[in-house]
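The primary structure of each chain is shown beneath.
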Amino acid sequence: MPEPLVIRCRENGPYVVQGAVKIVDHLGNELIPPAGGKAAVALCRCGASKTKPFCDGSHRGFDAATAPQP
Ligand code: FES
């Protein structure tokens, strides 16, 4: 059985998806991570990124403990 995909919640930062992953938009178009995303992809968790769904580092000051929950 293959190992499960690992998504790590960084403390007050993005969701980091480790390993090869393909991310597509609502139409099925592939979204290419800014850094290439071969080993890991960081997905925005704070809502402030200008390159959503990818993290661009704009989460500085984001506090996951007090952020509104979906
Ligand atoms: S989590 Fe990094 S910009 Fe949102």
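Given the structure is predicted, the values throughout are model-derived calculations rather than measurements.

Thoughts on the side chain of S49
Then step 1. Within the secondary structure layout, S49 lies in the segment after β5 (40-43).
Then step 2. At 3.0 Å, the side chain of S49 and the backbone nitrogen of T51 are in polar contact.
Then step 3. Among all residues touching S49, those that are not within four sequence positions of it are C44, F54, C55, D56 and S58.

Considering the sheet that holds strand β2 (residues 15-18)
Then step 1. Overall, antiparallel pairing links the three strands, which are arranged β1-β2-β5 in an open sheet. Looking at strand neighbours, the two that pair on one side only are β1 (6-9) and β5, the edges of this open sheet. Neighbour-to-neighbour, the strand axes of the sheet open up by a mean angle of 20 degrees, direction not taken into account.
Then step 2. Where β2 lies against β5, four bridges are found, and the strand directions are antiparallel.

Description of a nonpolar patch on the surface
Then step 1. The grouping of L5, I7, Y15 and V21 at the surface amounts to a nonpolar patch, some 350 Å² of accessible area in total.
Then step 2. On the secondary structure map, V21 appears in the loop between β2 and β3 (23-24).
Then step 3. Take V21: its relative accessible area is 33%, and that puts it in the partly exposed class.

Observations regarding the pairing of β2
Side chains on a regular strand alternate between the two faces of the sheet.
Then step 1. Bridge count between β1 and β2: four bridges; the pairing is antiparallel. Counted as the bridge partner of C9 is Y15 from β2.
Then step 2. In textbook terms, the turn of a hairpin is the stretch between consecutive antiparallel strands, and for β1 and β2 this stretch comprises five residues, one of which, N12, has a positive phi near 55 degrees.

Points about the confidence of the model for the protein chain
Then step 1. When the pLDDT values of the protein chain are averaged, the result is 90; 96% of them are 70 or greater.
Then step 2. Mean pLDDT in the protein chain bottoms out at β1, which sits at 93, and peaks at strand β4 (residues 30-31), which reaches 95.

What to know about unusual backbone geometry
Then step 1. With an omega dihedral of 10 degrees, the bond running from K52 to P53 counts as a cis peptide bond.
Then step 2. Structurally, P53 is set in the segment after β5.
Then step 3. A positive phi angle, close to 55 degrees, is found at N12, a residue other than glycine.
Then step 4. On the secondary structure map, N12 appears in the loop between β1 and β2.
Then step 5. Judged by relative accessible area, N12 falls into the partly exposed class, the value being 28%.

So, how was this worked out
Residues numbered from 1 in each chain as written. Predicted model: local features only at pLDDT ≥ 70, side-chain atom pairs only at ≥ 80, totals over all residues. Heavy atoms only, no water. Helix = DSSP H or I, 4+ residues; strand = E, 2+ residues; numbered from the N terminus. Polar contact = N/O pair within 3.5 Å; in protein donor to acceptor, adjacent residues only side chain to side chain. Contact = heavy atoms within 4.5 Å. Pairing = 2+ DSSP bridges. Axes fitted to C-alpha atoms, helices over the stretch in contact; angles between N-to-C directions. Patch = residues over 30% accessible without salt bridge, like charges linked within 9 Å, V, L, I, M, F, W, Y side chains within 5 Å. Areas by Shrake-Rupley, 256 points an atom, 1.4 Å probe, with all protein chains shown as cover. Salt bridge = Lys/Arg side-chain N within 4 Å of Asp/Glu carboxyl O. Buried < 20%, exposed > 50% of the residue type's maximum accessible area, 1.4 Å probe, protein only. pLDDT = per-residue confidence, 0-100.

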